[in-house]
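Okay, here's what each chain looks like letter by letter:
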Amino acid sequence: MKKFVPILLILVAPLFSKAQMPTDTWALTKLGDNAPTFNFSLTKTQTANLADYKEKIVMINFFATWCPPCRLELPRVQKEIWEKYKDNPKFVLLAFDREEGWDILLPFKEKNQFTFSMLPDEGRKIYSLYAKQYIPRNVLIDENGKVIYQSMGYTEDDFNKLLNLLATRLKLNN
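Within each chain, residue numbers correspond to sequence positions counted from 1 in written order. Given that this is a predicted model, residues contribute local features only at a pLDDT of at least 70 and side-chain atom pairs are listed and counted only at 80 or more, while totals for whole chains, interfaces and linings are drawn from all residues. Think of the side-chain values as coming from all heavy atoms in the structure, minus any hydrogens and water.

1. A short note on the environment of Leu 72
- Each helix corresponds to a stretch of at least 4 residues labelled H or I by DSSP, and each strand to a stretch of at least 2 residues labelled E; elements are numbered beginning at the N terminus. Looking at where Leu 72 falls in the secondary structure, it is placed in helix H2 (residues 68-85).
- Sequence separation of Leu 72 and Thr 155 is 83 residues, and the distance between their C-alpha atoms is 9.7 Å.

So this is what it looks like as structure tokens:
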């Protein structure tokens, strides 16, 4: 039995450590890259393109309604990002549900009282331009269309880095 304890610890330790993925090998974009552009549905009848938001700071959030870390992060997105910057003309928040359509997305949004744009990304068409795997993800794009921040998963540290970068960038743009 004593022989199995060290082996068990070696096998289980990565599950509780962020070190299991030191770099985001699943991202398809890097800091400084031009953000891939794409068309998307703003409503059931209205479409837009990411290029429509040039000269703004654009935050893209990829989530799923069934994802536990996403459910932890989204209320913070609402409270600490959307409610703070929604009236800033230089800021845009686009949250894409990576897989589900309006039929699941709209009831989820209403039930959770989210007021920011939550948009469908059925088939991961948009997500697949930015990453191969793992949510939640946040991507911040500057006024020139360059990726200036990316995160994978949800941690307090990463979210606080995002908040600090938003505060700095949007303060500079006022």
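2. Thoughts on the pairing of strand S7 (residues 147-152)
- The pairing criterion is simple: DSSP has to find at least two bridges between the two strands. As defined by bridge partners, strand S6 (residues 137-141) adjoins S7 across five bridges and the pair is classed as antiparallel. Note on S7: the bridge partner recorded for Arg 137 is Met 152.
- Linking two consecutive strands that pair antiparallel, namely S6 and S7, is a turn of five residues; a positive phi of about 85 degrees is found at Gly 145 within it.

3. Considerations on helix H3 (residues 102-112)
- Remark: exposure states derive from per-residue accessible area (1.4 Å probe, protein chains only) relative to the maximum for the residue type, with buried under 20%, exposed over 50%, and partly exposed in between. Within H3, burial applies to Trp 102, Leu 105 and Phe 108. Buried residues along H3 cover an arc of 140 degrees about the axis, so they all sit on one side. Residues Asp 103, Glu 110 and Lys 111 are exposed on H3 and point more than 90 degrees away from its buried face.
- Of the surrounding elements, those touching the buried residues of H3 are strand S1 (39-41), strand S3 (57-63), H2, strand S4 (91-97) and strand S5 (118-120).
- Downstream of H3 by a residue or two, Gln 113 has a phi angle that is positive, lying close to 55 degrees. Of all possible arcs, the one meant is that of the directions from the helix axis to the C-beta atoms. Contacts between residues were defined by any pair of non-hydrogen atoms, one from each residue, lying within 4.5 Å.

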